[in-house]
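Structure assessment
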Amino acid sequence: MKRMNLIFRLGSQLSLSCPVKTPIGLYQNLLCSTSLLPQRFQSSAVSSSNNHLPSSIDYSKDDVFEKTIEDSKDVVTSRKLIDVSDYAPVLLPSFNLAAYVDKSSSLQELVKLGVNLYKFDAKMNVVEYILTLDFERDIKNHLVFLIDNGAPADSLGKFITKNPFIFKETIDNLQVRINYLLSKKFRMEDVTRIITKEPFWLSKSTQEIDRRLGFFQKYFNLNGDEVRLLTCRRPKLILRNLDDVKIKTFAFKEEMGFNDIEVKTILLDKPKLFMLDRNQLVEQFDYVHNVMKLSHDAILKHVMLLGNRKFRTEQRHSFLVSLGRAQYDPALPQYVSPSSLLLGDDLQFCTNVAKASVESFNLFLKTL
């Protein structure tokens, strides 16, 4: 794969050379001075070389995520923090990072990338950490790494806003974590999707990721392809508190009555449901199953209905009942798809599903 040689112009040079102050414009104007990147950037992350891979990864196996990697250790390096006063010596301590922007060229570069600094204001540990960073020394190479691994230039601001502590990780550690996924037969486009959708992924060690993937494979009886599918669809779920996942599984099985195979189907089809509040899920199921009279099979076919807000489901179903149109059996005339209760705004629902005016719907809601 042909590699781009990337280097960042900083400070005033960037401001002068970048007429378009957008993340993409910034990235385009950050390409190139005559100096080269460190040697590790000279080969692609998709390279066949496995120099950065943990030695215990077994390439001969595919669907094995259960065994925790014990021998591999992420590279660890330390960094001496800089005195905050170096950046804003004339300013008093502040909970507002914006107060330091004029004095910190690093903060100015983060703003140009689209980082929402105000989201850090309530977290003093983040504020103090961000103020110690030097763009050239601590930030630049991490941005190059993310771009090299497929992260869109215009997504960097959002990424850093969500996980500013990514700069605490060494580039070598980040490469080990990318290589681990590749060794488990994730495609490079899958890896890009995972790290872009879940910025905290790269802050987890290979041992931790391996343990979590193994949990989902064993707990839900998934094969390798299903583990990869689940991870790509909802990487945030993989990093979720595993006890919380067990609680949701208990709710689906014991409180709603789904069997193991049905729970697995729900997990792979709509993994987002495992991230919702348990009480909300159980309450919605109770309404859909006992009031709307949908069978378990019907619910599985329209499973996202469980993720709908109960009051919205109740409003629309009750309106259909009042019109004599609450008919959810596909074998009978005037069938209404249960999923249609989720779609569109009130006008679209009334026009396409209820076949009534939105005014009559609004009048009906006042009677509830």
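That block above? That's the structure.
The following paragraphs examine the structure supplied in this document.

Turning next to helix H14 (residues 278–291). With 14 residues, H14 ought to run about 20 Å at 1.5 Å a step, and its terminal C-alpha atoms sit 19 Å apart, in line with that. Looking at H14, one finds that the buried residues are Leu-281, Val-282, Gln-284, Phe-285, Tyr-287 and Val-288. Turning to H14, the residues buried within the fold contact helix H12 (242–255), helix H15 (296–301) and helix H16 (310–323). By the N-cap criterion, in which a side-chain oxygen at the helix start approaches the backbone nitrogen of a residue two or three places on, H14 is capped by Asp-277, the distance to Asn-279 being 3.1 Å.

Here the focus is the pattern of salt bridges. A full pass over the atoms with the stated rule returns 17 salt bridges. Across the pair Glu-208 and Arg-212 runs a salt bridge whose closest N-O atoms are separated by 2.6 Å. Here the residue Glu-208 and the residue Arg-212 both occupy positions in helix H9 (residues 206–219), the gap between them amounting to four residues, near one helical turn. Comparing Glu-208 with Arg-212, the two get one shared label, buried. Here Asp-346 makes a salt bridge to Arg-316, at a shortest N to O gap of 3.3 Å. Taken together, the positions of Asp-346 in helix H17 (residues 346–354) and Arg-316 in helix H16 put the pair 30 residues apart, joining distant regions of the chain.

In this structure, Lys-185 takes a positive phi of about 70° despite not being glycine. Relative to the helices and strands, Lys-185 is located in the loop between helix H7 (171–183) and helix H8 (188–197). Phi is positive for Lys-355, which is not a glycine, with a value near 60°. Here Lys-355 lies in the loop between H17 and helix H18 (358–365).

Rules of the game
- Residues numbered from 1 in each chain as written.
- Predicted model: local features only at pLDDT ≥ 70, side-chain atom pairs only at ≥ 80, totals over all residues.
- Heavy atoms only, no water.
- Helix = DSSP H or I, 4+ residues; strand = E, 2+ residues; numbered from the N terminus.
- Expected span 1.5 Å × (residues − 1).
- Buried < 20%, exposed > 50% of the residue type's maximum accessible area, 1.4 Å probe, protein only.
- Contact = heavy atoms within 4.5 Å.
- Polar contact = N/O pair within 3.5 Å; in protein donor to acceptor, adjacent residues only side chain to side chain.
- Salt bridge = Lys/Arg side-chain N within 4 Å of Asp/Glu carboxyl O.

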